[in-house]
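Inside the fold
Residue strings, one per chain:
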Amino acid sequence: EAHGRYPELVALRREVLAAWSADPDAYRRDIAFQRMNLARALRLAGAYDEALRVLDDADADFIAVYGAASGAGQARAQIQRAAIAHARHELPTAELAFARGVDLYARVGAAPATSEWMLGGSIAAAMDGFELARQRYANALTVASTDAQRAGAQQALDRLPPGRQ
């Protein structure tokens, strides 16, 4: 991923998903997570429509395993949908998907990861929701586990226009 060789990453993720799907002993939950990995690779490669279709398949797997709207996997899928909508400059759709993802995380007692909070902050800032962006970047700073993550969240906070004091 870090090298930007996304077509190769997509091919690799397709192979891994095919292997998991062909294994009669594979858990459907694990196949769903492999679909999520493929969707992420497709998103990074700019294949947004296909990434959304793969996310739909992952959602179907998660629902079959955990029931409707009840798992962290579904939360991650919503966040990926938000990232795709953000990349397409469909900001209201991105905001809705992000908010759904946060809600799904909360239902299972979890929270978004640093990169997910950063995405949410970026969506809010792009919609001129600077106070919401500030909250999300602050959340990213709180959950950051590396110096680089903390620095990125702090820089995002510092770039926002001054807020209410």
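Residues numbered from 1 in each chain as written. Predicted model: local features only at pLDDT ≥ 70, side-chain atom pairs only at ≥ 80, totals over all residues. Heavy atoms only, no water.

Description of the confidence of the model for the chain
- Per-residue confidence for the chain gives a mean pLDDT of 93, with 96% of residues at or over 70.
- The element-level mean pLDDT for the chain is lowest in helix 3 (residues 48-66), coming to 92, with helix 6 (residues 114-126) highest at 98. (pLDDT = per-residue confidence, 0-100. Helix = DSSP H or I, 4+ residues; strand = E, 2+ residues; numbered from the N terminus.)

Some points on the packing of aromatic side chains
- For the structure on display, the rule yields three aromatic pairs.
- Taken together, a centroid distance of 5.1 Å and an interplanar angle of 75° make the contact between Phe33 and Phe62 edge-to-face. One end of the pair, Phe33, is in helix 2 (residues 28-44); the other, Phe62, is in helix 3, and 29 residues separate them in sequence.
- Measuring from centroid to centroid gives 6.5 Å for Phe62 and Tyr66, while their planes differ by 25°, and the two rings are stacked. Here Phe62 pairs with Tyr66, and both are found in helix 3, just four residues apart, close to one helical turn. (Phe/Tyr/Trp six-rings, centres within 6.5 Å; stacked < 30°, edge-to-face > 60°.)

Comments concerning the environment of Arg100
- With respect to the secondary-structure elements, Arg100 resides in helix 5 (residues 91-107).
- Judged by relative accessible area, which is 44%, Arg100 ranks as partly exposed. (Buried < 20%, exposed > 50% of the residue type's maximum accessible area, 1.4 Å probe, protein only.)

Remarks on the pattern of salt bridges
- This model, assessed by the stated rule, comprises 12 salt bridges.
- Across the pair Asp61 and Arg35 runs a salt bridge, and its minimum N-O distance is 2.7 Å. One end of the pair, Asp61, is in helix 3; the other, Arg35, is in helix 2, and 26 residues separate them in sequence. Accessibility classification places Asp61 together with Arg35 in one group, the buried group.
- The salt bridge involving Arg81 is made with Asp59; its shortest N-O contact spans 3.0 Å. With Arg81 in helix 4 (residues 72-87) and Asp59 in helix 3, the pair connects residues that are 22 residues apart, well separated along the chain. Here Arg81 and Asp59 have matching classes, each one buried.
- One continuous salt-bridge network, built from bridges that share partners, spans Arg28, Arg35 and Asp61. (Salt bridge = Lys/Arg side-chain N within 4 Å of Asp/Glu carboxyl O.)

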